[in-house]
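Each chain, letter by letter, is given below.
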There are 2 protein chains.
Amino acid sequence: MKINNKKYSDCWLPNIEDNLWNKKVIKSNIFKNIYIPNNYSFIKKEIIFFIKKENINFNKHIKNSTLIFKINIDMNNEEYYIKKNNKLIWIISKNKNGFLYGLYHIFRIIKLNKYKKKNFIIKEIPSLKIRMINHKDFLSGKIEKGHSGNSIFFFNNNINFNIERIRYYSRLLCSIGINYICINNSDNNLLSTYLINKNLLIQLIEIYNIFYEYNIKIFISINYKSPMILGRLNTFDPLNKKVIIWWEKKIEQIYEYLPNLAGLIVSPCYKNKNNNLYYDRNHIESSNTIANALNFFNGILIWECNINNNYNWKIKNFDKANCIFNNFNNLDGLFLNNVFLKIKFGPIDFQVREPVSPILGSMYKTSQILEFQMNQEYTGQQIDLCWLPLKWKNILYFNTYYKNKNSTIKNLILGNIYKNNNYGISCVSNIGDSFYWTNHFLSQSNIFCYGKIIWNLNINLNNLLKEWIKLSINNNKKVIKNISKIMFNSWITYEKYTSPLGLGGMVEPNNNYIPNVDGYEYNNFGIYHNANRYSVGNNRTSNGTKFTEQYSIRNKIKFNDINKCYEKLLLFFHNVSYKHKLKKSKVTLIQYIYNSHFNGKKEVKEWLYLWKKIKFLINKKVYNDVYKKLILQYKNSCRWCDIVNSYFYRKSGIKDILNRKIYS
Amino acid sequence: MKINNKKYSDCWLPNIEDNLWNKKVIKSNIFKNIYIPNNYSFIKKEIIFFIKKENINFNKHIKNSTLIFKINIDMNNEEYYIKKNNKLIWIISKNKNGFLYGLYHIFRIIKLNKYKKKNFIIKEIPSLKIRMINHKDFLSGKIEKGHSGNSIFFFNNNINFNIERIRYYSRLLCSIGINYICINNSDNNLLSTYLINKNLLIQLIEIYNIFYEYNIKIFISINYKSPMILGRLNTFDPLNKKVIIWWEKKIEQIYEYLPNLAGLIVSPCYKNKNNNLYYDRNHIESSNTIANALNFFNGILIWECNINNNYNWKIKNFDKANCIFNNFNNLDGLFLNNVFLKIKFGPIDFQVREPVSPILGSMYKTSQILEFQMNQEYTGQQIDLCWLPLKWKNILYFNTYYKNKNSTIKNLILGNIYKNNNYGISCVSNIGDSFYWTNHFLSQSNIFCYGKIIWNLNINLNNLLKEWIKLSINNNKKVIKNISKIMFNSWITYEKYTSPLGLGGMVEPNNNYIPNVDGYEYNNFGIYHNANRYSVGNNRTSNGTKFTEQYSIRNKIKFNDINKCYEKLLLFFHNVSYKHKLKKSKVTLIQYIYNSHFNGKKEVKEWLYLWKKIKFLINKKVYNDVYKKLILQYKNSCRWCDIVNSYFYRKSGIKDILNRKIYS
């Protein structure tokens, strides 16, 4: 078996080669003294190697100081304090978890040149208990919509990894506070079954142990049909006694090998396209068996809010947007306590902009995990730059108005609204065996910021982006200025030149990068724009598919009204005449479409200009690699602009009032 | 190396297993006596096995008669007579070639129950000297747009064949009069180079010998860059002395192993998208070197009339249709005598309907091969039934008017117009390692009829189709009636429900089966429909891209005039308002589009009805396999109808006057 030893670059944290890691720790005069509780000695290695690698071991501020790890059992599990008093610096925490987070915090302080400050106190406690990364890796080694190479865990239907890379990855995730990971794709096909087979479980232990050392617990996605495929039973009916016993034994076996496993992830297993589950069980019945068996081991069952509808472009009122709510909302309070529903942020499928899914916050008695996506399936696929934290912030500040005026998603997730529920955030991973981990160097920033945002939902995005630039590129003022200028609004720019006003889609199916306005229009994926010669958009109001009625009354009224609805989501909720004048932008709809695309591509051109200005200020390879990507992005933005504008010009027959070039 | 031993079915000619073939011929009293000239004894095997396999060896008419092969050296090379006089039957021919054709003719007579007739004389001579099949098989074993499985010649970048299957295939082709075959794809990528490497040439001998036994000569497609790739020269400039010598030696080597090779096929090798050939040589210079070297061995060089333009949907007047003529017409008379230009029938790319390419017949002094295609790339891909002989006949009867009122393509090919040129017809193969050879059982008929049509350009299509049904299915009257009703107009039906009026395209690129009206519209393939809210179609008249000016004055005037232009090609030549009333059909354009699609799908539904009626009259497997395909075709026709009508309704805003269901 050939192990994937593809090279990879450093991220915000320097890499430490495994051969160094395995050496005995030799004395080092980095800090004057280091006091560490018993059993945490690997933390000392981490410190020595980090500082060696960063070439700052002669920094006099560090050299003269003493680092002390102090246990305080009254603190919360992941909480930590950092206290500096002249030449003494403490990390205070309940246990190893906090020490690690504190340590990486100190690393950042050192790299950001903030260590000189004589005295400071930092107190940190995560906003959220479940801060998760979700891999879509197949056992084959491919990654579903990965866009960054192949899996670092699997190859050729087997577990296959470079241990050095796994350790580095664990450190990366730990350094930004991620504490849960799902390492495989939750498909219900044959192959995902085998990961819970004994021989693979044994091989998984090594990965599991490394992650666990860094306070990261593993979830495994399973195949719901396993009792049949692995267990050779003639059924996988969750209410069948044999099936119940099979799952109990299987989960016992799993926990024998992986005693601190976080739990399992299941995608509902539909027997047909009408959302009927197998054996006509409902979601509660279907989830109970596994959730019960997991409960004994304090394991969590993540139940994915997926649906399997057979949409039809010919039936306009059967709206994909309605489906999650319709299928899950009435099950509130019926799931077992250790079941979490995993819910995509929007009702469609990770489009560049969607309204927040009304199911979020509408369930009073069900634990929920909000799902983001950073592999950029519909947002440039790591060819085009699209910095996503602004999008996430946008989602977190969405006000559901379910309970009161403060019912934002952020407050929901923080547990301020329904106190008895548990919440978490997960994000589809964007890493693979690419050199930069992500395909686009700048996409690394999406992981970093994701971790930091869900650690602290109130974090300032501007500072956060600058911190990433400083840690991963350098401290040069012009570099920071230009790169943050390029990145900060890149999501908005991407939206402008692709699919504005909440339209979504307009790409080639199964590809989702190449513009194709009618790509999904006559298909059964449920993503339509309904453009004809008069108007465009989806009527999801009370007069249309009634999707708006799933929201709180306040939001319903807002979204139903073409003049009150968020302009950026106008065509998600309304079918609008090309001649309709937008209230906020004060131009006609067709003119908005033209402007948006022309402006989007202009902005990408400006990025090229800004990027060229830092040519000699940053690493040459990074400069060139990003430059090539930006060239591709500019070409892509021009292609989008030409095609979409031409498409709508041909349909509407209305000219651009600014007389820019639109091909007829 | 694993040999592809996939099963395959009989065609119009029964198969004879190779193990039988290798046995010594034992006496058989099929004919009372068989008199065969020396050296043609394998013909006797052919007779015995054919009749055994067909279980007609006790047919008293045959049993009592004597078969005599008689040589007449005054006859033409492939000519033959069959003479029956009571109990004596002669095949008279100059040599083995005519004997084989005569023999297969007698087989057909026997199978068609026409042998009882006491006396008859048949005289046959082929219309054409070059009757060719062109394979697009890659050395990898894949077939470019094959739609019928993998190659029967190659696998895993090597020659790899089941000898029994090759022999059967040779007999099939010989039985319908095919006398040339190209067995590989004429791509200029690395791999096609290696077929002329010594080790592969040696392996090729066995295939070559089998084909040669059946009067079929092989062409090999080569890579123009071979001097560099195989010869390790630092150039492949055709005027470089080293390159000239390399080709001379290489061709000498090829003819050493394959002394009766027909010749080589070359696709022009462009250095860029603007049709500049490498080293800035023109087509004459580029072809001369190889043609010269081939000439010594009486080898033919087939030079493919391909172009490599980078079309652009944004530049309307740069018309793909113009390109072949513009790039080749001015080279008339400059190619060496043994060079044939291979020309696709239409100026675009094997669309369901195109006008005949104006380059055909416009060159007075250049030998030409007209190219058809039966793999059905754009005509249903052997999922949908599309019987192509009607299309071919349509092309052959196209009048170029270049010289006089009889200047049809048929007369051109027959050499009646420019007597000094040589002509041939080639067709892209539709066979692969599928069970039926073709993916759709009924597609077998396209090969059979292709061979028979190019043998005799005046053949009656109706009788021909019936002959195929009798030979390949059975003699039942209802079977013949229903199947020929289904098949005869299937090309017209396919055109109706897909892309009528010469539009072409409207499919997903790289797939070409799934309907997608805008699929090619914003791409660089050169296939556009230009639909906007007022009109649709390509203006290729003298006021447009001027494509019509490439035709004879008579055709130019006809095509330029919206009222005189063939209605079936209206949108190929004109951009027409949806409200324009068609002169012939007497409905508006938009109504024609609606009618065409509704009628097309209705016709497919009728086929299903006709097919079900013969359920118990034909082979069960054939019945079921074709039935499944027809169901798919019906679904496909509905999908096309819904999508295309909806697309044009949304654009035009004009309702169907018959009020049929069009989705808005």
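Residues numbered from 1 in each chain as written. Chains lettered and ligands numbered in written order. Predicted model: local features only at pLDDT ≥ 70, side-chain atom pairs only at ≥ 80, totals over all residues. Heavy atoms only, no water.

**Some thoughts on the domain arrangement of chain A**
Residue and element names in this part refer to chain A.
Here is step 1: What the domain assignment reports for chain A is domain 1 (19-124), domain 2 (130-472) and domain 3 (495-652).
Here is step 2: Each of domain 2 and domain 3 has a C-alpha centre, and these two points are 27 Å apart.
Here is step 3: Domain 2 puts 42 residues into the contact, and the matching count from domain 3 is 45 residues.
Here is step 4: The junction of domain 2 with domain 3 conceals about 3,700 Å² of combined surface from both sides, 58% of it contributed by carbon and sulfur atoms. (Domains from an automatic or database assignment. Contact = heavy atoms within 4.5 Å. Buried area = accessible area lost by both parts, 1.4 Å probe.)

**Notes on empty space enclosed by the protein**
Residues and elements named next belong to chain A.
Here is step 1: Counting across every chain of the model gives 15 cavities of 30 Å³ or more.
Here is step 2: Size it by volume and the largest cavity reaches roughly 100 Å³.
Here is step 3: As for the largest cavity, its lining consists of Gln351, Val352, Tyr378, Tyr494, Thr498, Ser499, Gly504, Gly505, Val507, Asn512, Tyr513 and Trp640.
Here is step 4: For the lining of the largest cavity, the residue count by class is six nonpolar, six polar and no charged.
Here is step 5: Each of domain 2 (130-472) and domain 3 (495-652) contributes no fewer than three residues to the lining of the largest cavity. (1 Å grid on protein atoms, 1.4 Å probe; cavity = no way out; pocket = protein on both sides within 12 Å on 5 of 7 lines; lining within 4 Å. Points joined across faces, edges and corners; volume = space filled by probe spheres on them. Nonpolar A, V, L, I, M, F, W, Y, C, P; charged D, E, K, R; others polar.)

**A few points about the relation of the copies chain A and chain B**
Here is step 1: Rotating chain A by 180 degrees and translating it 0.0 Å along the rotation axis places it on chain B, where the RMSD comes to 0.0 Å. Look at the turn and shift together and you get a two-fold axis relating the two.
Here is step 2: Comparing contact sets, 100% of the residues at the interface of chain A also lie at the interface in chain B, consistent with an isologous, same-surface contact. (Least-squares fit on C-alpha atoms with pLDDT ≥ 70 in both.)

**Observations regarding the interface of chain A and chain B**
Here is step 1: At the interface, 23 residues of chain A touch 23 residues of chain B.
Here is step 2: Across the chain A to chain B interface the summed buried area is about 2,200 Å²; carbon plus sulfur atoms make up 52%.
Here is step 3: Area buried by chain A at its contact with chain B is led by A:Tyr522, A:Arg533 and A:Arg650, which between them contribute 35% of it.
Here is step 4: Between A:Arg650 and B:Glu521 there is a salt bridge, with its nearest N and O atoms 2.8 Å apart.
Here is step 5: For the pair chain A and chain B, the number of links is 13 residue pairs in polar contact (both at pLDDT 80 or more).
Here is step 6: Split by residue class, the side of chain A that touches chain B holds seven nonpolar, eight polar and eight charged. (Salt bridge = Lys/Arg side-chain N within 4 Å of Asp/Glu carboxyl O. Polar contact = N/O pair within 3.5 Å; in protein donor to acceptor, adjacent residues only side chain to side chain.)

**Remarks on the sheet that holds strand S2 (residues 66-71) of chain A**
As a general point, the strands of a sheet are linked pairwise by backbone hydrogen bonds and lie either parallel or antiparallel.
Residue and element names in this part refer to chain A.
Here is step 1: As summarised here, the arrangement of the five strands in space is S1-S2-S4-S3-S5, forming an open sheet in which the pairing is mixed. In this open sheet, the two edge strands, each paired with only one partner strand, are strand S1 (33-35) and strand S5 (119-124). Here the average twist between neighbouring strands, direction ignored, is 10 degrees.
Here is step 2: Where strand S3 (residues 80-85) and S5 come together, six bridges link them in antiparallel fashion. Across the sheet, residue tyrosine 81 finds its bridge partner in S5, namely lysine 123. (Pairing = 2+ DSSP bridges. Helix = DSSP H or I, 4+ residues; strand = E, 2+ residues; numbered from the N terminus. Axes fitted to C-alpha atoms, helices over the stretch in contact; angles between N-to-C directions.)

**So, unusual backbone geometry**
Residues and elements named next belong to chain A.
Here is step 1: Unlike most non-glycine residues, asparagine 156 shows phi in positive territory, near 55 degrees.
Here is step 2: For asparagine 156, the location among the structural elements is in the loop between strand S7 (154-155) and strand S8 (158-159).
Here is step 3: The phi dihedral of asparagine 510 falls on the positive side, at around 65 degrees, and the residue is not glycine.
Here is step 4: Considering the arrangement of structural elements, one finds asparagine 510 in the loop between helix H16 (490-497) and strand S16 (535-536).
Here is step 5: Among the residues examined, asparagine 510 registers a relative accessible area of 64% and is labelled exposed. (Buried < 20%, exposed > 50% of the residue type's maximum accessible area, 1.4 Å probe, protein only.)

**Concerning the pattern of salt bridges**
Here is step 1: In the structure shown here, the tally under the stated rule is 36 salt bridges over all chains.
Here is step 2: Between A:Lys271 and A:Asp280 there is a salt bridge, with its nearest N and O atoms 3.1 Å apart.
Here is step 3: Owing to a relative accessible area of 55%, A:Asp280 belongs among the exposed residues under this scheme.
Here is step 4: The partner of B:Glu495 in a salt bridge is B:Arg353, with the nearest N and O atoms 2.6 Å apart.

**A closer look at the state of the cysteines**
Here is step 1: For the structure on display, the rule yields zero disulfides over all chains.
Here is step 2: Free cysteine: A:Cys269, not disulfide-bonded; nearest cysteine sulfur from A:Cys305 at 16 Å. (Disulfide = S-S within 2.5 Å.)

**As for the packing of aromatic side chains**
Here is step 1: All chains considered together, the criterion is met by 105 aromatic pairs over all chains.
Here is step 2: Seen in terms of ring centroids, A:Tyr169 and A:Trp437 are 5.7 Å apart; in terms of plane orientation they differ by 20 degrees. Their pairing is stacked. Of this pair, A:Tyr169 sits in helix H5 (residues 163-175) while A:Trp437 sits in the loop between strand S15 (423-428) and helix H13 (444-455), placing them 268 residues apart in sequence. Note on accessibility: A:Tyr169 and A:Trp437 belong to one class, buried.
Here is step 3: Taking the centre distance of 6.3 Å and the plane angle of 65 degrees together, the rings of B:Phe398 and B:Tyr551 count as edge-to-face. Linking B:Phe398 in the loop between helix H11 (389-396) and helix H12 (409-413) with B:Tyr551 in the loop between strand S16 (535-536) and helix H17 (553-560), this pair joins segments that are 153 residues apart in sequence. When sorted by exposure, B:Phe398 lands in the same class as B:Tyr551, which is buried. (Phe/Tyr/Trp six-rings, centres within 6.5 Å; stacked < 30°, edge-to-face > 60°.)

**Things to note about the pairing of strand S13 (residues 339-344) of chain A**
All names here are of chain A.
Here is step 1: Among the six residues that make up S13, five are buried, leaving the element largely enclosed by the rest of the structure.
Here is step 2: Pairing between strand S12 (residues 300-304) and S13: four bridges, direction parallel. Looking across to S13, one finds that isoleucine 302 is bridged to phenylalanine 340.
Here is step 3: Both S13 and strand S14 (residues 367-373) contribute to a ladder of five bridges, which runs parallel. Counterpart to isoleucine 343 in the pairing with S14 is leucine 370.

**Here's the deal with the sheet that holds S12(A)**
Here is step 1: Taken together, eight strands build a closed barrel; the order of strands is S6-S9-S10-S11-S12-S13-S14-S15 (chain A) and the barrel is parallel. The average undirected angle you get between the axes of adjacent strands in this sheet is 25 degrees.

**Observations regarding the packing of helix H14 (residues 461-472) of chain A against helix H15 (residues 477-488) of chain A**
Residue and element names in this part refer to chain A.
Here is step 1: At a minimum axis distance of 10 Å, the contact between H14 and H15 shows a crossing angle of 125 degrees. As summarised for this structure, H14 and H15 are arranged oblique, according to the angle between their axes. Relative to H15, the crossing made by H14 is right-handed. Contacts between H14 and H15 pair Leu461, Asn462, Leu465, Lys466, Trp468, Ile469 and Lys470 from the former with Val479, Ile480, Ile483, Ser484, Met487 and Phe488 from the latter.
Here is step 2: Its residues placed into classes, the contact of H14 with H15 shows nine nonpolar, two polar and two charged. (Parallel < 35°, antiparallel > 145°, perpendicular 65-115°, else oblique. Left-handed = near helix turned anticlockwise from the far one by under 90°.)

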